[in-house]
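Next come the chains, spelled out residue by residue.
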Amino acid sequence: MAKKNLIRSRRMKRGVFITFEGIEGCGKSTQSKLLYDSLKALKSRLVYTREPGGTALGERIREIILHSDGIKISDLSELFLFEAARSQLVKEVISPALKANKIVICDRFSDATFSYQGYGGKIPLEIIKALDRVATDGLKPDLTILLDLDTLTGLERARRKGTDRMEKKYIAYHNRVRLGYLALARRNRGRIKVIKVADTIEMTHRAVAREVERVI
Ligand code: TMP
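Residues numbered from 1 in each chain as written. Predicted model: local features only at pLDDT ≥ 70, side-chain atom pairs only at ≥ 80, totals over all residues. Heavy atoms only, no water.

Peer 1: Let's hear about the overall build of the protein: which residues, and what values?
Peer 2: Counting its regular elements, the protein contains 9 helices and 5 strands. Secondary structure elements in the protein, listed N-terminal to C-terminal, are α-β-α-β-α-α-β-α-α-β-α-α-β-α. Relative to a compact globule of 216 residues, whose C-alpha radius of gyration would be 17 Å, the protein shows 16 Å and is just as compact. The principal-axis extents of the C-alpha atoms in the protein amount to approximately 40 × 40 × 35 Å. Of all 216 residues assigned to the protein, the portion counted as buried reaches 48%. Accessible surface computed for the protein: about 11,100 Å², of which carbon and sulfur atoms make up 54%. (Helix = DSSP H or I, 4+ residues; strand = E, 2+ residues; numbered from the N terminus. Rg over C-alpha atoms; globule rule 2.2 N^0.38 Å. Buried < 20%, exposed > 50% of the residue type's maximum accessible area, 1.4 Å probe, protein only. Areas by Shrake-Rupley, 256 points an atom, 1.4 Å probe, with all protein chains shown as cover.)

What follows is the structure, given as structure tokens:
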């Protein structure tokens, strides 16, 4: 991606872009929705979306990736599918919303690809970096909330609701994903805020809200 393009995409961005990340069962969907509900006063500025998904194409891709029993998907194909869904979401939803000065809350974004396909699936991070830059046009979140909890507890929580293709991967894979997220957080301290999942949903929400107040 040319430097000029990166500078252009930053200049055109006016709203606030907040993402939620974490391993299976960390409660990020609950927390991201709670945040959305708690920002009611700003409702006209709020956009809530998710990855993979958030567009007609993205939701179809989500179905293929997560619920395609019997269809072979190689690690690289999986990476391209996630990036294809992201490219569409950025172009169709996130970029226009940010240009219109909206607050975009997104359940997962690029950090998920680095953690799952990179650290978990062992695809070289350089390959993901190059592809992701093209897919996002260099767009980065202003704030990423990383909800952290022990891998086994998370997987047990997630599996109570049934399992999709990603959740069926081995515990070693999910351990690498968690360590990957924490490694990304150490390298991006300004942007990624690690919040330990607390005993109650309300306690975790208060910690999330404190971080969000700093950016909106
Ligand atoms: P979730 O919406 O319930 O979190 O499910 C999405 C699944 O897709 C989850 O297992 C994480 C995985 N995922 C990746 O592996 N890479 C990605 O880039 C994204 C966005 C999600």
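That shown, we press on.
Peer 1: Mind laying out the packing of helix α5 (residues 110-120) against helix α8 (residues 171-187), listing which residues take part and the relevant values?
Peer 2: At a minimum axis distance of 8 Å, the contact between α5 and α8 shows a crossing angle of 130°. Overall, the two elements α5 and α8 adopt an arrangement that is oblique. With respect to the hand of their crossing, α5 and α8 are arranged in right-handed fashion. Seen from α5, the contacting residues are Asp111, Ala112, Phe114, Ser115, Tyr116, Gln117, Tyr119 and Gly120; seen from α8, they are Tyr173, Arg176, Val177, Gly180, Tyr181, Ala183, Leu184 and Arg187. For the contact of α5 with α8, the class distribution of residues is 9 nonpolar, 4 polar and 3 charged. (Axes fitted to C-alpha atoms, helices over the stretch in contact; angles between N-to-C directions. Parallel < 35°, antiparallel > 145°, perpendicular 65-115°, else oblique. Left-handed = near helix turned anticlockwise from the far one by under 90°. Contact = heavy atoms within 4.5 Å. Nonpolar A, V, L, I, M, F, W, Y, C, P; charged D, E, K, R; others polar.)

Peer 1: Can you tell me about the sheet that holds strand β1 (residues 16-22), naming the residues and giving the values?
Peer 2: Judged by pairing direction, the sheet is parallel, and its 5 strands sit side by side in the order β2-β3-β1-β4-β5 without closing on themselves. Single-partner strands in this sheet number two, and they are β2 (46-50) and β5 (192-196). The sheet shows a mean angle of 20° between the axes of neighbouring strands, direction not considered. As judged from the 5 bridges shared by β1 and strand β4 (residues 143-148), these two strands associate in the parallel manner. In the strand pairing of β4, Gly22 is matched with Leu147. Lying on the sheet, helix α4 (residues 75-99) is in contact with β1, β2 and β3 (103-107); it crosses β3 at an angle near 145°. (Pairing = 2+ DSSP bridges.)

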